[in-house]
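Reading the structure
Below are the chains, spelled out letter by letter.
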Amino acid sequence: MKNEVLLTHDLAIGYQNRRLVKEAEKHGRKYPGKVVADNLSLDLAKGELVCLLGPNGSGKSTLMRTIAGVQKPLGGHVTLDGRSLERLSTKETARLLSLVLTDRVMTGNLSVYALVALGRYPYTGWMGKLSKDDETVVREAIAITGTRRFACRHISDLSDGERQKVMIARALAQDTPVILLDEPTAHLDLPNRIEVVRLLKQLARERGKSIVMSTHELDLALQAADRIWLMSPVQAEESGKNIEMISGMPEELILDGRLEKAFKRNGFEFDRESGSFRINQHHEGCIGLVGEGTLAYWTKRALERIGYKVVIDASLPCRIEVSEDRGNRWWRYYNGKSGEPFEIQDIGSVISCIKKNKTDSEIVA
Ligand SMILES: Nc1ncnc2c1ncn2[C@@H]1O[C@H](COP(=O)(O)OP(=O)(O)OP(=O)(O)O)[C@@H](O)[C@H]1O
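Rules and cut-offs
- Residues numbered from 1 in each chain as written.
- Predicted model: local features only at pLDDT ≥ 70, side-chain atom pairs only at ≥ 80, totals over all residues.
- Heavy atoms only, no water.
- UniProt positions renumbered as here; feature names shortened; annotations may be inferred.
- Phe/Tyr/Trp six-rings, centres within 6.5 Å; stacked < 30°, edge-to-face > 60°.
- Helix = DSSP H or I, 4+ residues; strand = E, 2+ residues; numbered from the N terminus.
- Buried < 20%, exposed > 50% of the residue type's maximum accessible area, 1.4 Å probe, protein only.
- Near = heavy atom within 4 Å.
- Polar contact = N/O pair within 3.5 Å; in protein donor to acceptor, adjacent residues only side chain to side chain.
- Areas by Shrake-Rupley, 256 points an atom, 1.4 Å probe, with all protein chains shown as cover.
- Nonpolar A, V, L, I, M, F, W, Y, C, P; charged D, E, K, R; others polar.
- Contact = heavy atoms within 4.5 Å.
- Expected span 1.5 Å × (residues − 1).
- Pairing = 2+ DSSP bridges.
- Axes fitted to C-alpha atoms, helices over the stretch in contact; angles between N-to-C directions.
- Core = buried A, V, L, I, M, F, W, Y, C linked by side-chain atoms within 4.5 Å.
- Domains from an automatic or database assignment.

As recorded by an unreviewed UniProt entry, the chain carries the name ATP-binding protein and is attributed to Prosthecochloris marina. Reading the Subcellular location (unreviewed entry) entry of the UniProt record for the chain gives the comment "Cell membrane".

So, in structure tokens, the structure goes:
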């Protein structure tokens with residue numbers, strides 16, 4: 001039995017339209033309006049970091065808002081710490097769950113400190129006066145998120161990355177067991193994306209926070225998440241619904257092909273070895289590769305980039321053998337015509353040689 005802090009029971013999410021009640025009844029539909037996803041039975045354990053993935057428009061934000069109670073579910077319900085969300089007051093919900101949105105925050109002229117301090121609102125009186133303990137929590141949230149050096153500045157004077165960390169600090173000041181973040185890495189450069197994800201992982205591990213973050217950063221999600229919630233489009237004729245929710249460990253979803261299926265499109269393919277999508281442009285034919293390690297990996301990447309399908313096969317007449325010894329690198333290129341290989345010592349020349357061989361063959365033909 002896991003220590004679940006959040007559960008959804010047969011949750012249906014979407015956008016109700018009262019004017020469509022009659023039409024829904026006529027067509028035997030359960031809900032009037034747009035159903036984004038239904039039958040969602042999800043769980044989130046204490047100290048777990050879940051990444052919510054799915055293509056554009058699959059319903060990630062709708063799910064986040066519904067779980068946070070900002071948007072009403074079409075059906076089913078959410079329980080937080082064993083209590084039904086619909087029975088909780090706004091203040092009670094705010095003590096259990098915080099929501100971090102990516103949208104630019106309308107903070108007027110607030111300083112970073114004042115904004116983070118707003119996170120304490122579920123605990124303060126109607127005047128919003130902070131106690132000594134509240135101030136300690138605010139300072140701690142600022143320290144953990146590395147935002148102390150700009151704590152006195154105004155929010156409007158911060159970069160997107162800095163502002164994002166301040167919003168996480170505010171959620172920490174709110175001191176809730178569950179934190180939901182809708183695309184917290186959007187607009188950030190790679191070091192900041194990594195820093196935010198590392199911080200979230202640390203909060204889950206060291207402070208037992210249960211975190212759900214939606215993201216389009218497949219690579220980061222696969223590295224960081226304990227579990228993935230995947231909103232995967234399905235053919236309507238398969239089941240009559242558009243989105244299927246799949247939950248599993250990142251490696252499970254890669255190995256059984258479900259991650260690949262969720263994002264499947266013509267023109268690119270999923271590489272299960274690296275866990276990333278590749279542009280599919282195998283218009284130059286097939287080439288063999290023999291060798292291992294980093295050199296073989298980046299040789300493969302270079303060959304794919306110029307349009308070859310690369311197969312690990314030493315018997316192909318057209319192939320490349322790579323080897324590396326104490327910093328010296330060699331490529332042996334067999335062009336499939338002359339038996340003798342070309343000995344090459346840098347990857348740029350390998351690519352030029354392959355392209356020249358291709359052009360020469362076309363001229364002869
Ligand atoms: N107010 C609304 N009324 C009706 N439909 C809406 C409304 N807002 C969003 N939708 C629709 O709900 C579906 C899910 O949208 P949502 O924004 O939750 O997707 P998402 O996965 O977060 O997308 P993205 O990755 O692009 O941010 C989409 O088809 C969208 O067009």
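Considerations on the packing of aromatic side chains
With the rule as written, the count across this model stands at 4 aromatic pairs. With a centroid separation of 5.9 Å and 65° between ring planes, the pair formed by Phe-263 and Phe-277 is classed as edge-to-face. Taken as a pair, Phe-263 in the loop between α11 (258-262) and β12 (268-271) and Phe-277 in strand β13 (residues 276-279) lie far apart in primary sequence, 14 residues in all. Note on Phe-263: relative accessible area 17%, which makes it buried. Here the aromatic rings of Tyr-297 and Trp-298 are separated by 5.1 Å at their centres, their planes lie at 90°, and the arrangement is edge-to-face. Assessed through its relative accessible area of 32%, Tyr-297 is described here as partly exposed. For Trp-298, a relative accessible area of 48% translates into the label partly exposed. Ring-pair connections join several aromatic residues into one group, and the members of that group are Phe-263, Phe-270 and Phe-277.

Some remarks on the site of the ligand
Around the ligand, a shell composed of 13 residues is seen, among which Asn-56, Gly-57, Lys-60, Ser-61 and Thr-62 lie nearest. The side chain of Lys-60 places a nitrogen or oxygen atom 2.7 Å from an oxygen atom of the ligand. Contacts to the ligand include Thr-62, whose side-chain N or O atom sits 2.4 Å from an oxygen atom. Isolated, the ligand exposes 640 Å² of accessible area, and the fraction of that covered by the protein chains is 61%. For the shell around the ligand, the secondary structure elements donating two or more residues are β2 (33-40) and α2 (60-68). Looking at which element gives the most residues to the shell around the ligand, the answer is α2, with 3 residues. Tallied by class, residues from the shell around the ligand come to 3 nonpolar, 7 polar and 3 charged.

A closer look at the side chain of Glu-321
As for its placement among the helices and strands, Glu-321 is situated in strand β16 (residues 318-325). Dropping the residues within four chain positions of it, Glu-321 is found in contact with Val-290, Trp-330, Trp-331, Arg-332 and Tyr-334.

So, helix α6 (residues 160-174)
Its 15 residues place the ends of α6 21 Å apart at the C-alpha level, agreeing with the 21 Å of an ideal helix rising 1.5 Å per residue. Most of α6 is tucked away, with 13 of its 15 residues classed as buried. Looking one or two residues past α6, Asp-175 carries a phi angle of roughly 55°, positive in sign.

Considerations on the sheet that holds strand β15 (residues 309-311)
What the 5 strands build is an open sheet, ordered β15-β14-β16-β17-β18; its pairing is mixed. Unpaired on one side and paired on the other, β15 and β18 (342-344) mark the two borders of the sheet. Each strand axis lies, on average, 25° off the axis of its neighbour in the sheet, ignoring direction. Of the strand pairs in this sheet, strand β14 (residues 286-290) and β15 are connected by 3 bridges, and their pairing is parallel. When the sheet's bridge partners are listed, Gly-288 is paired in β15 with Val-311. Across the sheet, helix α12 (residues 293-305) is in contact with β14, β15, β16 and β17 (328-335); its angle to β16 comes to roughly 145°.

What to know about the nonpolar core
Of all hydrophobic cores here, the largest spans 49 residues; its most connected members are Val-116, Leu-200, Ile-228, Leu-230 and Leu-259. Among the elements that make up this core, the one with the highest residue count is α6 (7 residues). Not counting chain neighbours up to four residues away, the residues in contact with Leu-200 comprise Leu-49, Ile-168, Leu-181, Pro-184, Ile-211 and Met-213. Residues Ala-37, Leu-40, Leu-96 and Leu-97 belong to the second largest nonpolar core, which totals 28 residues.

Remarks on the domain arrangement of the chain
Considered domain by domain, the chain is made up of domain 1 (4-81 + 177-194 + 202-268) and domain 2 (285-363). The C-alpha-based centres of domain 1 and domain 2 are spaced at 43 Å.

Points about the pairing of strand β9 (residues 210-214)
The element β9 is extensively covered by neighbouring structure, given that 5 of its 5 residues are classed as buried. Along β9, one buried face is formed by Ser-210, Val-212 and Ser-214 and the opposite face, lined by Ile-211 and Met-213, is buried too. Bridge analysis of strand β4 (residues 49-53) against β9 gives 4 bridges, and the strand direction is parallel. Counterpart to Leu-49 in the pairing with β9 is Ile-211.

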